[in-house]
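Structural features, examined
Next come the chains, spelled out residue by residue.
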Amino acid sequence: MTPELAGKRLYIVDLAQRQLAMESGRTAMHALTYRVVARQLRQAAAGLPEPMLRQMVVALGADRMALLDEMLQARHFDQHGWLRGTPAAPCRAVWLALWARLRPPQRG
């Protein structure tokens, strides 16, 4: 691993730990700080492919992997417009129900 990549990994891990600490209540939740940390985490991970991100954080524990999975899901949705994996089916069911209620009546 190059020194730049090692430094980026440490930065991503630190941001993930800070965000997780706020989400779990270990540190005080401040909306502005949370948004800044979440944005910095997304920006730091932006250029890295998903397998590399998963490999970088796999040793950190399940709670941090959940945070990373959520970030990768959001990134995938932003890029492709659809969810994948476990949360995809329930989200699609809610979307279909909402669309059925909001859709204008068909004329014909």
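Residues numbered from 1 in each chain as written. Predicted model: local features only at pLDDT ≥ 70, side-chain atom pairs only at ≥ 80, totals over all residues. Heavy atoms only, no water.

Examining the overall build of the chain
Tallying secondary structure elements over the chain gives 5 helices and 0 strands in all. Ordered by position from the N terminus, the helices and strands of the chain form the series α-α-α-α-α. Counting all 108 residues of the chain, 26% fall into the buried class. (Helix = DSSP H or I, 4+ residues; strand = E, 2+ residues; numbered from the N terminus. Buried < 20%, exposed > 50% of the residue type's maximum accessible area, 1.4 Å probe, protein only.)

Observations regarding the confidence of the model for the chain
Overall, the predicted model of the chain reaches an average pLDDT of 83, with 90% of residues at or above 70. The secondary structure element of the chain with the lowest average pLDDT is helix α3 (residues 50-57), at 75, and the one with the highest is helix α2 (residues 31-45), at 92. (pLDDT = per-residue confidence, 0-100.)

A closer look at the nonpolar core
Formed by 16 residues in total, the largest nonpolar core has its most connected members in I12, L41, L53, L68 and M71. If near-sequence neighbours (up to four positions away) are discounted, M71 is found in contact with L41, R42, A45 and L53. (Core = buried A, V, L, I, M, F, W, Y, C linked by side-chain atoms within 4.5 Å. Contact = heavy atoms within 4.5 Å.)

Topic: the packing of helix α1 (residues 3-24) against α2
The contact between α1 and α2 brings their axes to 9 Å, and the two run at 150°. As judged from the angle between their axes, α1 and α2 are roughly antiparallel. By crossing handedness, the relation of α1 to α2 is classed as left-handed. Packed against α1, whose contacting residues are K8, Y11, I12, L15, A16, R18, Q19, M22 and E23, the element α2 presents T33, Y34, V37, A38, Q40, L41, A44 and A45 at the interface. (Axes fitted to C-alpha atoms, helices over the stretch in contact; angles between N-to-C directions. Parallel < 35°, antiparallel > 145°, perpendicular 65-115°, else oblique. Left-handed = near helix turned anticlockwise from the far one by under 90°.)

Observations regarding the side chain of H76
Its place among the elements puts H76 in helix α4 (residues 62-80). You can call H76 buried: its relative accessible area is 10%. Beyond its immediate chain neighbours, meaning those up to four positions away, H76 contacts G81, W82 and R84.

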